[in-house]
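Listed below, chain by chain, are the residues.
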Amino acid sequence: MEATEIRSARPMPEMILRITETGREITDTPEAPANRVDLADIRAWRFFRASPAEFLEQYGRDFCIDHIHAAFEVLTEAVKHLDLWHTRSLTLSGHIGSRRLTALRKTCDQRGIRLTVTYLTAPRALTFDTADASLRHAGSCGTALLTAGIGSDTPLRATPSVYWSAWFHRFFYDEVLPVLRVRDPGTFFSYLKVLSDYTARGMNWAGIGTRCGISGPCARDWCRFLVDCGVVELVEAASAPAPRRAKMRPKLFWNTPGLAVWFSDTAGHLTPELKNALIENCVYLALKDAFPGAAFSHFLDTNAVTCPLMMKKPGENFTAFYFPKDALEAQTALRHHKSIVKAGIAGGTPRFVFEGDAAPADIAPIAVPGAVQCLHILPLLQVSPTVSSSVPSNA
């Protein structure tokens, strides 16, 4: 009894996790740690592999352990280290996917470890404006899409191809080669080019593998690696009650849509199909930043009833978002929305996303107030504040 009282009185150990996305490093911030050990450094990586306990004993107290995605086992060892009370806090940084983060949260809760998570996101093409519940972009929408993921203070912002070419070279040799053991950068480059065609689309692993000359399971595993590295995200499909049959294919979104443009070789002439996919991608990122606690999904069944994007805030039903480009697509979206509401998959009024301050003339008679809520993509008139998690309930 006495020992229990002593244990419960001790301060809760804390794991500080700084999650970064493609092209962003912890060293980019003004609060960059003075002492940092990099697991991407082969010497640090070998030290950790040889003796995790000694590695954390030496670097766990006053250092930030960076690039944890080079050795995800460090998360398990860090939990053991804190649970045994070798140190009161431990700071880690790098890329980590949502599934791995969810598992880490659960483990920390079970062990009585406080997990503090902060995000260093890539520069966004669109941000959510809390003042009027709109989506804002700097400059023209096309330029915003091309440069999404490149900081405004980066000298190479005017030449995205040079920026992303240098990024791919570093990414392949620092992260892909040591983990996936892919020897030929051309093979992995071709794989990423195929993934750019799947932006905001459901994944077909066998089809992707066929185009790249690899197996379907290999294509899936490589994509999971990209999720862990913060390059892409996979949004799971929503299920459907019987007798409906949902297609449970995850949808691909890039954390830096400008990278998808570079891989697609369409930087000088964005195709309408790719532009529409990139806008959906950027809307997802803006909503994810504005609603940190929200869950996202999409829906597609064997009858071709579809909802491109759904968002569920805590305690609410899924809200459906559609991206119609003409009256026919708008009418189809309303018909599909009625179907998924009837099935209990989503609820409420559908959101139509448009570029500009008004719906296209042929859609305006369909997108009437009450039946549809419109979310407009508008130019950024002034520097907007950092997106807050507190936004109007009608967003």
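Since the model is a prediction, treat every value here as computed from it, not as a measurement.

Asks: Teacher, can you tell me more about the pattern of salt bridges here?
Replies: In this structure the tally under the stated criterion is 22 salt bridges. The residue R61 makes a salt bridge to E57 at a minimum N-O spacing of 3.5 Å. Overall, the relative accessible area of 38% leaves E57 in the partly exposed class. Linking D265 and K193 is a salt bridge whose minimum nitrogen-to-oxygen distance equals 2.5 Å. Placement of the pair is D265 in the loop between α11 (257-264) and α12 (272-290) and K193 in helix α8 (residues 185-197), with a sequence separation of 72 residues.

Asks: Would you mind going over the nonpolar core with me for this structure?
Replies: Nonpolar side chains in soluble globular proteins tend to end up buried together. F188, Y191, I208, L226, W254 and V283 are the most contacted members of the largest nonpolar core, which totals 69 residues. With 11 residues, α12 is the largest single contributor of residues to this core. For Y191, the residues in contact, after removing those within four places along its chain, are I208, C212, I214, A219, W222, C223 and L226. One finds A44, I68, V74 and L101 within the second-largest nonpolar core, a separate group that totals 29 residues.

Asks: What's the story with the side chain of T256 in this structure? I'm lost.
Replies: Tracing the backbone through its elements, the reader meets T256 in the loop between β9 (251-254) and α11. Every residue in contact with T256, bar those within four places of it in the chain, is listed here: T22, A122, A148, G149, W164 and V231.

Asks: So what exactly am I meant to see when it comes to the packing of helix α9 (residues 205-212) against helix α10 (residues 216-228) here?
Replies: For any two helices packed against each other, the geometry comes down to the angle between their axes and how far apart the axes lie. In the contact formed by α9 and α10, the axes pass within 7 Å of each other and the chain directions differ by 100 degrees. As judged from the angle between their axes, α9 and α10 are roughly perpendicular. Listed contacts from α10 to W205, A206, I208 and G209 of α9 are G216, A219, R220 and C223. Here the contact of α9 with α10 is composed, by residue class, of five nonpolar, two polar and one charged.

Procedures and definitions
- Along each chain, residues carry numbers from 1 onward, in the same order as the chain's sequence is written.
- For a predicted model such as this one, the threshold for reporting local features is a pLDDT of at least 70, and the threshold for listing and counting side-chain atom pairs is 80 or more; totals across whole chains, interfaces and linings nevertheless cover every residue.
- Derived side-chain values reflect all non-hydrogen atoms in the structure, with water molecules and hydrogen atoms excluded from consideration.
- Here, a salt bridge means any side-chain nitrogen of Lys or Arg that lies within 4 Å of a carboxyl oxygen of Asp or Glu.
- For every residue, the accessible area (1.4 Å probe, protein chains only) is compared with the maximum for its type, and the residue is labelled buried under 20%, exposed over 50%, or partly exposed between those bounds.
- Strands here are runs of E lasting at least two residues and helices are runs of H or I lasting at least four, both read from the DSSP assignment and numbered beginning at the N terminus.
- The set of buried Ala, Val, Leu, Ile, Met, Phe, Trp, Tyr and Cys residues whose side-chain atoms join them within 4.5 Å is what this entry labels a nonpolar core.
- Residue contacts are defined here by distance: any two heavy atoms, one from each residue, within 4.5 Å place the two residues in contact.
- Comment: axis = line fitted to C-alpha atoms, over the contacting stretch for helices; angle = value between 0 and 180 degrees taken between N-to-C directions.
- In this scheme, roughly parallel covers angles under 35 degrees and roughly antiparallel covers those over 145, while 65 to 115 is roughly perpendicular and the rest are oblique.
- Put simply, Ala, Val, Leu, Ile, Met, Phe, Trp, Tyr, Cys and Pro go in the nonpolar bin, Asp, Glu, Lys and Arg in the charged bin, and everything else, Gly too, in the polar bin.

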